[in-house]
Amino acid sequence: MRVFSKIVFTLLLFLSVHVINAQKDTVSAYSAPSHLAEKVYLQLDGKVYTKGNVIWFKSIVLSAGNHFPSTLSRILYVELVNSDETIMERKLIKLDNGIGQGFFELFESYAPGTYLIRAYTSWNKNFGPDFFFKEYIQVFANNQRIQRRPINSVKFIKEDAEAYRLTAGFNPLEMDSLHQGKLKVSITLDNKVDSLFLKKTKDDEYLLDYTFSGDSRLVRLQMQTENNKAYASTIILDQDLIDLQFLPESGELVHGLTSKVGFKVLDARGKGKMLAGEIIDEQENLITPFKSNELGMGSFIIQNADSTKKYYARIKAEAPELKTLLYPLPKVTPVGNVLSIKKNGDNLLIRAKSNYLKNDSIYLTLSQGGKRLYDLKFELPENGTFNFELACQKLPDGIISFTMLDSKGRPLAERVYFNENPASRIKINLAVDKESYEKRDLTELTIETVDQTNSPIPAHLSVLVVSKKQLGKIQQQRQNILSYFLLDSELKGEIENPGFYFNKDSSMHDHLDALMLTQGWRNYNYNKQDVIYTHLPETNLTVSGQVSGLFSEKRKKQAELTLTTFGNNPTVDVQIADSLGNFTFNLKDEYGQQVNVLIQSAKASGKKMNYNIALNDKESPKANFDLKNTIVEPDSLVDDFIRKELQRKKIEQSFEVQEGNILLDEIEFTGTRLTENQQEVREEYGEPDVVIDGKAIQEKEQNWSYGLYSVLRQHFLDKIIIDHHPGGLLSARITGSDITLVVVDGIPVKSHDYQMIPYIPPTEVKSFEVIECAKNFDKLFLETYGKPLMWPILCGGVVAIYTYSEKGIHGTKKPVGLLHTSIPVFSTPRDFYAPRYDKPNLINKLPDLRTLLHWEPELLTNASGKTSTSFFNGDNVGEMMIVVEAVSGDGSIGYQELEYVVEGQETVIVEF
């Protein structure tokens, strides 16, 4: 390659380092290179769960530009989202050098179905949802009570060329035994939602008969009962539909040039489908056969493409009576360029081709993660083709973008390529202390983290141990630390079975290249330079907002604010609001769900003032739920996992009953004699469904002087819903009730006095009671609002509060110039529990059917790269899988699996 000597290699330095200080005053927007974004990854303990289980996760946040653990953000938001795009729970995870951990409890009240777990930092909001972590999980019911599906008998009928008919049956009683009247049903087609109400038939059924036009693949049906309980299901309308996409290397087929063409085959669910066929021209001349891999992707070569011809993919129909299907390839452009990349041993063969540029200067730019790696300059010879090679080991691990530009810097062609350079990864050596184990034996695991020359690398580890039979296949297909940071975070859209690309199969290079050709996209978000960013990195918990009522035509002195927090680290802080009334308090680290805060307003002189104080609402970005993920097909492995989980929970419940740990309903009886006020309220509005003794509330109050509703919201959400409104106002809502009204000591609380209820001191509360569907509700509504109900309701709820003073709501008054509220704080880490069999106890006599044996999210290797851990096996036999993920201080990552065997007879639970 004589021309090779003419190439000028220029290694571009990192242009600038932006030191971002989140504490700077009055900073609301600024610009920065987008490769300063953060990549967020969560390692989950699984993808399939049953209600009542815990989702364990470890979080790793790296800088997008260099994959170093990020020190930019110290707060990570992790959310559990249902298919209605409702955020069920939100956790604030404290990050220490980019590392954190947390969990979600799957409460019994959660509906079974598909959920989205997403994670992001405030700083990542600047770069859009493509930089958010996303993972879909399946949650199944933990009992077999529901035999019929709430939505069933779905039929799709083609009426004519443009009209379609959809019929379905609905069984709301399967999810809400109290439902009686009309049923609200929503139909989503092509992101358009149509809602209607169905009446019950004579056979106590709700039937949908819906006509529409269009070529929708999926329809989403959702029903909502009168008690606001919902259920949704996504149905495939055309099971046989195939989407065949063709993506020529570097963007287009060019006349006279040879090019590789990537292709992707998708079924009606949007999942990859194996397919074989032939590429032919318009005269049906065979050009080349093609065949996809198991994920529906592959590639083929078209030699010397001809712009005077049309090319097709010919697919033979599976049924002989059906016609052969033809899919057109993109048109061949008469004039253009092709940039091809091919692995040649340990080198990359790069070929730049043009059918019109001759003896021209050409530039080639190599970049990764928005940063330029090399600029290359060369001249195209007379034949318009230039070849050269680069050593793979000289290029970083992961996706590299190659861009061909003309002499004026205009892009001509681009190719995305995955360079495998394992030398930059952490090598994880795992060893267990035995060749095989018996049930409940202790397994000792030693771990060593080294580089490719076996030099030690201190690293941060996570250890996951599962039953391979139950969860092994799911674990190997899901995204892991390698697939996420090297693939998922660099490509647009969802990658199906990302773990597939890192199983060390000899054909993985071809599969990775097919993925780059079909799903690779250009420059990701990294090309968005000099964009204004409005979200600052969060380095600590804060309380921020605005003060109003301190200005007049003549400017007054600025307001002084005193913040008091009531948590494990109580603080008092004083601050002067700026000239616009803005303020920000920095808080000490607090753990829990919420921490209560009190803000007192005053003049700068210190005189207390009744200024209005409003807090900034840190809203979550809109959750976009991909409905294709709500389609769940039968899976024998998943069914076996669920069966084991049901058996395990039955054993635990049996043990609780035998030991006298009887599960009670929501009602908590005080065991005290009813007061006169309580008797009158029960006679007027009915017996309570929930009773919480005042002493129980006071015990949970700790050292707070905040108010009744804050304590209820913190500790009694299973009894009453306390909604948090902008500005810190709290209100009570009874599940299943259309409207919730409040009486204090039997006296109805007027609507204009509602703001006083949340601040009743817990020490004054004798009892808190909930009546879900009260008698005489119309009368109470009239007394509360001074006007009658203007529309019929099915169920009106009453909250009855009894105080020791028995004077009603005006027995306590809200002080002026104060804002009582609560703010979210860091989620408290929870230790993973597993039984120990080195000490005898009663629980150890029960069968141990755990599929998750061990979870250790934070384990460090020492300066020698070594550490160890141990755990007990259960009663499941067969192969167990150990999964270890690692990240070092310089951003190197590693992934390793190890399998071992537990011998013995499988434990069988006989059900009667």
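Everything numeric in this text was worked out from a predicted model, so none of it was measured.

A closer look at unusual backbone geometry
Excluding glycine, most residues fall at negative phi; most peptide bonds, likewise, are trans.
Right, so step 1: The residue Asn497 is not glycine, and still its phi comes out positive at about 50°.
Right, so step 2: Locating Asn497 in the fold gives a position in the loop between helix H2 (481-486) and helix H3 (508-519).
Right, so step 3: Overall, the relative accessible area of 21% leaves Asn497 in the partly exposed class.
Right, so step 4: A positive phi angle is found at Asn776, which is not glycine, with a value near 50°.
Right, so step 5: Relative to the helices and strands, Asn776 resides in the loop between strand E50 (765-771) and helix H8 (777-785).
Right, so step 6: Looking at Asn776, the relative accessible area reads 39%, which means it is partly exposed.

What about the pairing of strand E24 (residues 311-315)?
Right, so step 1: Side chains Tyr311, Ala313 and Ile315 project from E24 onto a buried face, and the interleaved Tyr312 and Arg314 project onto a face without burial.
Right, so step 2: Strand direction decides the pairing type here: E24 and strand E25 (residues 325-328), joined by four bridges, are antiparallel. Pairing of Tyr312 across the sheet is with Pro328, part of E25.

Focus: the pattern of salt bridges
Right, so step 1: Following the criterion strictly, the structure yields 33 salt bridges and no others.
Right, so step 2: In this structure, the salt-bridge partner of Arg314 is Glu284, at a minimum N-O distance of 3.8 Å. Of this pair, Arg314 sits in strand E24 while Glu284 is found in the loop between strand E21 (276-281) and strand E22 (286-291), placing the two residues 30 residues apart along the sequence.
Right, so step 3: On the basis of relative accessible area, Glu284 is assigned to the exposed category, the value being 57%.
Right, so step 4: In this structure, Asp406 engages Arg410 in a salt bridge whose closest nitrogen and oxygen atoms are separated by 2.8 Å.
Right, so step 5: Arg410 sits in the partly exposed class, given a relative accessible area of 48%.

A closer look at the packing of helix H6 (residues 694-701) against helix H7 (residues 708-715)
Right, so step 1: At their nearest, the axes of H6 and H7 sit 10 Å apart, and the two run at 85° to each other. Classed by the angle they form, the pair H6 and H7 counts as roughly perpendicular. Across the interface between the two elements, Ile697, Lys700 and Glu701 from H6 touch Leu708, Val711, Leu712 and His715 from H7.
Right, so step 2: Tallied by class, the residues present in the contact of H6 with H7 amount to four nonpolar, one polar and two charged.

Rules used throughout
Residues numbered from 1 in each chain as written. Predicted model: local features only at pLDDT ≥ 70, side-chain atom pairs only at ≥ 80, totals over all residues. Heavy atoms only, no water. Helix = DSSP H or I, 4+ residues; strand = E, 2+ residues; numbered from the N terminus. Buried < 20%, exposed > 50% of the residue type's maximum accessible area, 1.4 Å probe, protein only. Pairing = 2+ DSSP bridges. Salt bridge = Lys/Arg side-chain N within 4 Å of Asp/Glu carboxyl O. Axes fitted to C-alpha atoms, helices over the stretch in contact; angles between N-to-C directions. Parallel < 35°, antiparallel > 145°, perpendicular 65-115°, else oblique. Contact = heavy atoms within 4.5 Å. Nonpolar A, V, L, I, M, F, W, Y, C, P; charged D, E, K, R; others polar.

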